[in-house]
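Observations on the model geometry
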Amino acid sequence: MSETWESATAYVVAALEAKGTATRDDFDVAAIVAATRDIVDSWDFRVIEDATFWRIAATFLKV
């Protein structure tokens, strides 16, 4: 399967909503996708460490 912006976005949304405590509307998903893409230099976000992903996500929490 080829990884794309859409698959990366789906990965981010799934990760954010997995615990049931937050929704995609609580975060700037596009910014998370862009920042994560810059770090991993790929659309395959499965390679990023969980701690790094959550640091990025926390940066883009809407308040």
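Residues numbered from 1 in each chain as written. Predicted model: local features only at pLDDT ≥ 70, side-chain atom pairs only at ≥ 80, totals over all residues. Heavy atoms only, no water.

**Here's the deal with the nonpolar core**
Of all hydrophobic cores here, the largest spans 17 residues; its most connected members are Val12, Leu16, Ile32 and Phe53. The set of elements that each furnish at least two residues to this core consists of helix 1 (5-17), helix 2 (29-40) and helix 3 (50-59). Non-local contacts of Phe53, meaning those with residues more than four positions away in its chain, are made with Tyr11, Val12, Ala15, Leu16, Ile32, Thr36 and Ile48. (Core = buried A, V, L, I, M, F, W, Y, C linked by side-chain atoms within 4.5 Å. Buried < 20%, exposed > 50% of the residue type's maximum accessible area, 1.4 Å probe, protein only. Helix = DSSP H or I, 4+ residues; strand = E, 2+ residues; numbered from the N terminus. Contact = heavy atoms within 4.5 Å.)

**A short note on helix 1**
Between the first and last C-alpha of helix 1 there are 18 Å, a value that for 13 residues agrees with the 18 Å anticipated at 1.5 Å per step. Looking at helix 1, one finds that the buried residues are Ser7, Ala8, Thr9, Val12, Val13, Ala15 and Leu16. (Expected span 1.5 Å × (residues − 1).)

**Concerning the packing of helix 1 against helix 3**
Between two packed helices, the angle of one axis relative to the other and the distance separating the axes together describe the packing. It is at 12 Å that the axes of helix 1 and helix 3 come closest, and there the two elements cross at 85 degrees. It follows that helix 1 is roughly perpendicular to helix 3 by the angle criterion. Taken together, the residues of helix 3 that come into contact with helix 1 (itself represented by Tyr11, Val12, Ala15 and Leu16) are Phe53, Trp54 and Ala57. Residue composition of the contact of helix 1 with helix 3, by class: seven nonpolar, no polar and no charged. (Axes fitted to C-alpha atoms, helices over the stretch in contact; angles between N-to-C directions. Parallel < 35°, antiparallel > 145°, perpendicular 65-115°, else oblique. Nonpolar A, V, L, I, M, F, W, Y, C, P; charged D, E, K, R; others polar.)

**Examining the pattern of salt bridges**
Opposite charge on two side chains allows them to pair when their charged atoms are near. Evaluated as defined, the whole model comprises four salt bridges. The shortest N-O distance in the salt bridge between Arg37 and Asp41 comes to 3.3 Å. With a relative accessible area of 25%, Arg37 lands in the partly exposed category. What you see here is one network of salt bridges that share partners, running through Glu3, Asp44 and Arg46. (Salt bridge = Lys/Arg side-chain N within 4 Å of Asp/Glu carboxyl O.)

**Re the side chain of Thr36**
Turning to its location among the elements, Thr36 is positioned in helix 2. Excluding anything up to four places from it in sequence, Thr36 contacts Asp41, Phe45, Ile48, Phe53 and Ile56.

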